[in-house]
Amino acid sequence: MTRPDSQRVVATGLGLVTPAGNDVPTTWSALLAGRSGVGPLTQFDHSAFKTHIAAEVKDFDPTRYMDKPTARRMDRFLHFAVAATQEALADAQFKMEEWGPQRVGVVVGSGIGGVHALLENQMVIVERGPRRVSPFAVPALMLNSASAHISIMIGARGPNLAISTACATGTHSLGEAAEMIRRGHADLMIAGGSEAAVVAMAVAGFENMQALSGRNDEPERASRPFDKDRDGFVVGEGAGIVVLERLDRARSRGVHIYGELIGYGITADAYHITAPAEDGVGAAECIQMALGDAGIHPSEVDYINAHGTSTPLNDAGETRAIKAVFGDDAYRVAISSTKSMTGHLMGAAGAIEAVFCLLAMRDGILPPTINYETPDPVCDLDYVPNRARRKTVDVAMSNSFGFGGHNGTVVFRRVA
């Protein structure tokens with residue numbers, strides 16, 4: 001599909017906070033080395049739980065990105081969002097005076113939002129009474145607080161909203177932000193997702209759904225997407241932010257262009273509130289929509305960063321979806337699930353995995369799916385097992401499929 005340069009959307013800035021590292025270079029180095037960010041759960045007393053592991057962000061100090069009073073008023077998911085945004089804006093060499101406040105927007109969402117603030121202030125009511133609840137409690141727990149804080153931080157008065165589509169949030173945020181630029185509503189968008197839901201209530205809920213891995217004795221080996229012995233995902237936290245802008249503006253500014261967002265797909269399974277459709281039809285339709293939007297054939301895709309949660313149903317369904325769309329090319333395309341190292345960051349997952357696609361394109365190297373030990377006859381594609389692989393990537397795809405049957409796919413292409 002040929003679009004004028006003013007409607008072509010490119011990525012010029014990347015920011016990450018993940019269990020594998022608190023910035024882009026550290027996270028990327030860990031992934032290429034096959035190092036897992038999963039470890040013992042530390043954020044609450046889990047003695048009564050079956051689950052004792054999580055993919056937590058480590059050694060993170062929010063006062064590196066804001067003053068202490070501001071940090072105290074914010075939930076942990078907001079800390080991550082602000083930190084990743086600052087890195088992405090610096091990477092994009094962003095200066096508001098070059099754009100104008102009305103032409104800069106934000107789409108940053110979360111699957112769960114400020115659950116730390118919610119639970120902490122509920123305990124305050126129980127133990128100390130309602131008059132002791134923080135006046136900042138509601139702003140800290142609101143799902144839209146990340147996009148709001150980012151716009152306030154830089155003075156962006158363009159489009160601003162928060163998407164919440166469970167584990168597809170980050171991908172949908174990027175796709176919708178790109179559409180806003182194409183429609184002429186903004187020239188630059190800050191897009192992504194943030195999540196900090198390693199809390200007792202969430203872990204208990206996922207645990208009782210039998211969605212989590214039970215490999216407590218070997219945390220680094222717990223997340224094993226597409227492996228026959230996979231037994232559930234690992235709860236993770238963090239944020240991913242991408243700066244998107246018009247291609248003509250990026251070229252005039254002379255900044256590094258990681259890739260062009262050429263395709264976006266968004267569908268629903270209309271099947272079950274938590275389980276994916278076993279035949280993968282909704283996911284397949286989403287992938288097909290993204291390829292159609294991009295105007296490319298499946299044979300042109302070099303790499304897929306899979307949703308790949310390490311649950312039996314998801315990985316099988318996604319494999320079926322890829323086969324349905326790609327046909328014989330499904331056995332040629334390289335696929336990996338970086339959740340094998342980051343765990344599942346839920347609302348942030350799609351955004352950080354889009355960043356990984358762009359880095360793979362930049363460096364010509366694919367992150368592996370670690371812990372792939374026993375092939376599953378149902379999952380029989382090339383999952384880049386255990387070691388990073390050198391490969392030129394001209395077109396990369398990222399899939400995200402969330403609770404509720406929300407599906408999202410984005411496609412990136414190298415810009416010559």
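What counts as what
- Sequence order as written defines the numbering, with residues in each chain counted from 1.
- Per-residue local features are limited, in this predicted model, to residues with pLDDT of at least 70; the limit for side-chain atom pairs, both in listing and counting, is 80 or more; totals at the level of whole chains, interfaces and linings are taken over all residues.
- Side-chain metrics in this entry use all non-hydrogen atoms of the structure; hydrogen atoms and water are not considered.
- Think of it this way: any DSSP run of H or I at least four residues long counts as a helix, any run of E at least two long counts as a strand, and we number them from the N terminus.
- The buried label goes to any residue with under 20% of its type's maximum accessible area, the exposed label to any with over 50%, and the partly exposed label to all in between, with areas taken from a 1.4 Å probe on protein chains only.
- For the purposes of these results, a polar contact is taken to be a pair of N or O atoms within 3.5 Å, where, inside protein, one atom must be able to donate a hydrogen and its partner to accept one; residues adjacent in sequence count only when each atom of the pair is a side-chain atom.
- Axis definition: a line fitted to C-alpha atoms, over the contacting stretch in the case of helices. Angles run 0 to 180 degrees between N-to-C directions.
- Here roughly perpendicular refers to angles of 65 to 115 degrees, roughly parallel to angles under 35, roughly antiparallel to angles over 145, and oblique to all remaining angles.
- By convention the crossing between two helices is left-handed if the near helix lies anticlockwise of the far one by an angle smaller than a right angle, and right-handed if it lies clockwise.
- Residues are treated as being in contact if the distance between any of their heavy atoms lies within 4.5 Å.
- Polarity classes work like this: nonpolar for Ala, Val, Leu, Ile, Met, Phe, Trp, Tyr, Cys and Pro, charged for Asp, Glu, Lys and Arg, and polar for all others, with Gly in that last group.
- Using only the protein atoms, space was sampled on a 1 Å grid; points where a 1.4 Å probe fits but cannot get out form cavities, open sets with protein on both sides within 12 Å along at least five of seven lines form pockets, and lining residues are those with an atom within 4 Å of a point.
- Grid points are joined across faces, edges and corners, and a volume is the space filled by probe spheres set on the points.
- The arc refers to the directions leading from the helix axis to the C-beta atoms.
- Here, a strand pair is defined by DSSP locating no fewer than two bridges between the strands.

Visitor: Give me the lowdown on the environment of glutamate 195, citing residues and values where you can.
Guide: Assignment of secondary structure puts glutamate 195 in strand S6 (residues 188–195). Taking relative accessible area as the criterion, glutamate 195 reaches 0% and is therefore assigned buried. In the structure, glutamate 195 is positioned 43 residues away from glycine 238 in sequence and 5.5 Å away in space, judged by C-alpha atoms. At a separation of 2.8 Å, a polar atom in the side chain of glutamate 195 contacts the side chain of serine 110. One polar contact links the side chain of glutamate 195 to the main-chain amide nitrogen of isoleucine 112, over a distance of 2.9 Å.

Visitor: Tell me about the packing of helix H3 (residues 76–91) against helix H6 (residues 145–154), and please be specific about residues and values.
Guide: Where H3 meets H6, the axes come as close as 10 Å, and the angle between the chain directions of the two elements is 45°. Judged by the inter-axis angle, H3 sits oblique to H6. Between H3 and H6 the crossing geometry is right-handed. Here Phe77, Leu78, Ala81, Val82, Thr85, Gln86 and Leu89 of H3 come into contact with H6, specifically with Ser145, Ala146, His149, Ile150, Met153 and Ile154. In the contact of H3 with H6, the residues fall into 9 nonpolar, 4 polar and no charged.

Visitor: I'd like a rundown of empty space enclosed by the protein, residues and numbers included.
Guide: Counted by the stated rule, this structure contains 1 cavity of 30 Å³ or more. Of the pockets and cavities examined, the largest cavity occupies roughly 30 Å³. For the largest cavity, the full set of lining residues is Thr51, Ile53, Leu212, Ser213, Phe233, Val234 and Val235. Of the residues that constitute the lining of the largest cavity, the class distribution is 5 nonpolar, 2 polar and no charged.

Visitor: Please give an account of helix H1 (residues 24–32) that cites residues and values.
Guide: Along H1, the positions that sit buried rather than exposed are Val24, Thr27, Trp28, Ala30 and Leu31. An end-on view of H1 places all buried positions within 160° of arc, on one side of the element. Taken together, the buried residues of H1 touch strand S1 (9–17), H3, helix H12 (339–342), helix H13 (349–363) and strand S11 (365–366). Immediately beyond the C-terminal end of H1, within one or two residues, lies glycine 34, with a positive phi of roughly 70°.

Visitor: Explain the layout of surface pockets to me, and be specific about the residues and the numbers.
Guide: Put simply, the largest pocket is a space of about 590 Å³. Contributing to the lining of the largest pocket are 36 residues, with Thr274, Ala275, Pro276, Thr311 and Phe403 lying nearest its centre. Among the secondary structure elements, those contributing two or more residues to the lining of the largest pocket are helix H10 (281–294), helix H11 (312–326) and strand S13 (395–402). For the lining of the largest pocket, the element with the most residues is H11, which contributes 5 residues. Its residues assigned to classes, the lining of the largest pocket shows 17 nonpolar, 15 polar and 4 charged. For the second largest pocket, the lining is made up of 16 residues, of which Arg72, Arg73, Met74, Ala117 and Glu120 are closest to its centre. Those elements giving two or more residues to the lining of the second largest pocket turn out to be helix H2 (68–73), H3, helix H4 (115–128) and helix H5 (137–141). Considering each element in turn, the lining of the second largest pocket owes the most residues, 4 residues, to H4. The class makeup of the residues in the lining of the second largest pocket is 7 nonpolar, 4 polar and 5 charged.

Visitor: Describe the pairing of S13, listing the residues and the values that go with them.
Guide: Among the 8 residues that make up S13, 8 are buried, leaving the element largely enclosed by the rest of the structure. On S13, burial covers both faces: Val395, Met397, Asn399 and Phe401 on one face and Ala396, Ser398, Ser400 and Gly402 on the other are all buried. As paired elements, strand S9 (residues 303–305) and S13 share 3 bridges and run parallel to each other. Within S13, the residue paired with tyrosine 303 across the bridge is alanine 396. The turn linking S13 back onto strand S14 (residues 406–413) is made up of 3 residues, and glycine 404 within it adopts a positive phi angle of 95°.

Visitor: Please provide a residue-by-residue account of the sheet that holds S14, values included.
Guide: If you trace the 10 strands from one edge of the open sheet to the other, you get S5-S4-S6-S7-S1-S8-S14-S13-S9-S10, paired in mixed fashion. Of all the strands in the sheet, just strand S5 (160–161) and strand S10 (334–336) have a single pairing partner and so form its edges. Of the strands in this sheet, S9, S10 and S13 are in contact with H11, which crosses S13 at around 135°.

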